[in-house]
Amino acid sequence: MQKMDVEELFQAQALLYNYTYSFIGSMSLKSAVHLGIPDVISKHGQPITIPELVLALEINPNKSGYVYRLMRLLVHAGFFVTSKVIKEDKEEVGYDLTPSSRLLLKENVPTLSPFVRAMFHPALVHSSEFLAEWFHKNEVTPFNTAFGMSYWEYLSQNQEFNGLFNEAMISDSGMMNLVIKNCKSVFEGLNSLVDVGGGKGAVGRIVCESLPNLHWTVLDLPHVVENLLDSPNLKFVGGDMFQFIPSADAILLKLVLHAFSDEECIKVLKKCREAISNKGKEGKVIIIDIVIGEKNENHVLTEAKLFFDMLMMVLVNGKEREEKEWEKLFLEAGFSHYKITSIFGMRSLIEVYP
Ligand SMILES: C[S@@+](CC[C@H](N)C(=O)[O-])C[C@H]1O[C@@H](n2cnc3c(N)ncnc32)[C@H](O)[C@@H]1O
């Protein structure tokens, strides 16, 4: 074999092994989160050495060599950085946080710790193992193949996971809330809005703080909104968006449509169009969701979006869409035009008009 061909083959092998073992990377991150390494480093207040980390984690002291190897991988992946520290006149290596691990601090605002913890739930990991088998089957999703029920049914029957999932959504919203506060113009002029699939109302609470005259209604499944208390301009309604969406000047669908098939999305969007046109004036639908292939997307962002797409395939018969796929849904549901603004990192803001 030519020298060049062999080099290419070894490069090919590296890519193959890299993807094959990426689950080890995920599980290493999971273990760092479960051990509480980011919080320990943050509490330490300066770069922490491995012996200090082992002591603070209160783990078996025999494991310090293993902790070093875990940290070496996570430094390579960009979750921690190293620097030189002086301990008793000796130079040692200290480990510090990066922007990504700072997002895992439990007390930080925003924190993605609940999101990352929920995504490592055994039900999610287990169902993804059924992907290949599912391609031969008739079930709607690999999750159905694994558990004999839909993801939403599983959530409604599993209080512990339902709690984790809702906390995950709230923590993910925390990131967008950084920007949503600056999106006043999107909500200005509206008297009423229905947040369809709005979970525990995290976005509503933020927006209503700066726009107290806006009446915000969260419509979500009964087990999600039960026991939530209304406030003067934030109210919770238990129901099914496929059956009924209350009338309002605008409808918000944040991270909802990506969890449903095209047919289901068109059904919901038609209901939204009725709901915003009922009052005689024509409002808008505001969608916050992933658009694959946006301008200025880098490799990490595209890969994260594609991972989300596969997750939607495994769990819920949903998908992440490119702009032309979104456009097709809007036109089929009877809308005439839309505007996409990419302001939330992975997610975009799409305003859709009748
Ligand atoms: C991915 S979560 C997004 C939650 C929230 N919008 C956010 O961004 O944090 C999708 C939400 O849709 C809700 N949902 C699923 N099926 C629904 C239905 N048929 N009617 C109303 N809500 C539904 C779920 O309960 C869940 O809260």
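Cut-offs and rules
Residues numbered from 1 in each chain as written. Predicted model: local features only at pLDDT ≥ 70, side-chain atom pairs only at ≥ 80, totals over all residues. Domains from an automatic or database assignment. Buried ≥ 20, exposed ≤ 12 C-beta atoms within 10 Å, placed from the backbone. Helix = DSSP H or I, 4+ residues; strand = E, 2+ residues; numbered from the N terminus. Pairing = 2+ DSSP bridges. Near = placed C-beta within 6 Å. Nonpolar A, V, L, I, M, F, W, Y, C, P; charged D, E, K, R; others polar.

**Structural notes on the domain arrangement of the protein chain**
Part 1: In terms of domain boundaries, the protein chain breaks down into domain 1 (3-102) and domain 2 (113-353).
Part 2: If you average the C-alpha positions of domain 1 and of domain 2, the two centres end up 34 Å apart.

**Things to note about the pairing of strand β6 (residues 250-254)**
Part 1: Counting buried residues in β6 gives five out of five residues, a clear majority hidden from the surface.
Part 2: The alternating pattern of β6 places Ala250, Leu252 and Lys254 and Ile251 and Leu253 on opposite faces, both of which are buried.
Part 3: In terms of strand pairing, strand β3 (residues 192-196) meets β6 through four bridges, oriented parallel. Its bridge partner lying in β6, Leu193 is registered against Ala250.
Part 4: Bridge analysis of β6 against strand β7 (residues 284-292) gives five bridges, and the strand direction is parallel. Within β7, the residue paired with Leu252 across the bridge is Ile286.

**Details of the site of the ligand**
Part 1: With respect to spatial proximity, 18 residues lie near the ligand, and among them Met169, Gly197, Gly199, Met241 and Lys254 are the closest.
Part 2: Listing elements by their share of the shell around the ligand, those giving two or more residues are α12 (159-180) and β4 (215-220).
Part 3: The class makeup of the residues in the shell around the ligand is eleven nonpolar, four polar and three charged.

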